[in-house]
Amino acid sequence: MTSNLDHSEVLVGVDLNRPFHLPLVWAADEAHRRGLTVRLLLAVPPTHHGHHVDSTAQHLALRAHGDDSLAQAAARIHERHEDLEVVTELLDGMPAPLLCRHSRQARMIVLGTRELGRLAEFLSAGSVTVPVSAQAPCPVVVVREPEHITQQPPHVVVGVDGSPASDAAVSFAFEEAALRGAELRALLVRPSSMISFRESASAEPERLKLLTEAVAGPSAEYPDVHVTHEVARGHPVEELARASEDALAVVVGRRGRGGYTGMRLGSVVHGLLHRAHCPVITVPGPSSVPAP
């Protein structure tokens, strides 16, 4: 067993009803790159039935099904990398709170998605991706679509806006690119407005300077990572989603602590969870991490 504080695990949320192949593959590869343990966590939610005996029998059946799902997930991890250490954990409770509670010992959380609509994601009691992405004190990876490994050169995209959360995302993105031997595409999106073309043109050097300064520190730490800088104009979700079409992953920062329902996740991150064409990595900023 690993320490609760050493962040030596990749924590994977396993769905009781629909085992996800892509998140398991992503988590296995990432754990292999980083030399980490994979912890597969499956939560069995409480049953609601009028008769206690029936409710208990249903819950026991769900736990048995959960054990099978975890065994299948672990087998899939070992098919990918047989040398990885895999820990399975079957717990009673709602998935999102349990994943957030166990995330304190994780380097990152990896999730799949049921591809619920935005309203359903908010209202569903079993919603996982939004509340976990909003609350977890570690990076959260939502693998909705596969990474684009055939694109040459391979690259990671990071959204930059100069905030502390963005700085955390930039640092993680450099680390991820270095581990993969990939390039990094740093993208700053300036929302369209009614300002004149002359004002727009005069602002570009300032935006490019902000972008360059935001990546300067990590760039010195990872000199082998080639970085491209780009200032785009448009809607941040649309531009980052467009950039994700040929990327290994898109990395964005998360501001604030996030409410229980995930309503404070932020429009850009929330939009990307539904629009991106590659895995989305949400990195909490300094103020996002709850006090111990």
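Residues numbered from 1 in each chain as written. Predicted model: local features only at pLDDT ≥ 70, side-chain atom pairs only at ≥ 80, totals over all residues. Heavy atoms only, no water.

**Topic: the side chain of His102**
To keep it simple, the criterion reads: Secondary structure elements are taken from DSSP: a helix is a run of H or I of four residues or more, a strand is a run of E of two residues or more, and numbering for both begins at the N terminus. Contact criterion: two residues are considered in contact whenever any of their non-hydrogen atoms come within 4.5 Å of each other.
Along the chain, His102 turns up in helix H3 (residues 95-102). Not counting chain neighbours up to four residues away, the residues in contact with His102 comprise Leu11, Leu41, Glu89 and Leu91.

**Considering the pairing of strand E9 (residues 249-254)**
Applicable threshold: With a 1.4 Å probe rolled over the protein chains alone, any residue whose accessible area is under 20% of its type maximum counts as buried; one over 50% counts as exposed, and the rest are partly exposed. At least two DSSP bridges between two strands are needed for those strands to be called paired.
Within E9, 5 of the 6 residues are buried, leaving the element largely enclosed by the surrounding structure. As defined by bridge partners, strand E6 (residues 155-159) adjoins E9 across 3 bridges and the pair is classed as parallel. Bridging across to E9, Val158 finds its partner in Val251. Alignment of E9 against strand E10 (residues 280-284), held across 5 bridges, turns out to be parallel. Across the sheet, residue Val250 finds its bridge partner in E10, namely Val280.

**A word on helix H6 (residues 164-180)**
Rules: A helix is expected to span 1.5 Å for every residue after the first.
Spanning 17 residues, H6 covers 25 Å between terminal C-alpha atoms, matching the ideal 24 Å at 1.5 Å per step. Those residues of H6 lying buried are Ala165, Ser166, Ala169, Val170, Phe172, Ala173, Phe174, Glu176, Ala177 and Arg180. Phi turns positive one or two residues past the end of H6, at Gly181, with a value near 65°.

**Regarding the sheet that holds strand E5 (residues 140-142)**
Operational definition: Axis lines are fitted to C-alpha atoms, over the contacting stretch for helices. Their N-to-C directions set the angle, which ranges from 0 to 180 degrees.
Ordered in space as E3-E2-E1-E4-E5-E10-E9-E6-E7-E8, the 10 strands form an open sheet in which the pairing is mixed. The open sheet has two edge strands with one neighbour each: strand E3 (86-92) and strand E8 (227-233). When strand polarity is set aside, the average angle formed by the axes of neighbouring strands in this sheet is 25°. Strand contacts of helix H8 (residues 236-243): E6, strand E7 (183-190), E8 and E9, with the helix running at about 160° to E7, the strand carrying the most contacts.

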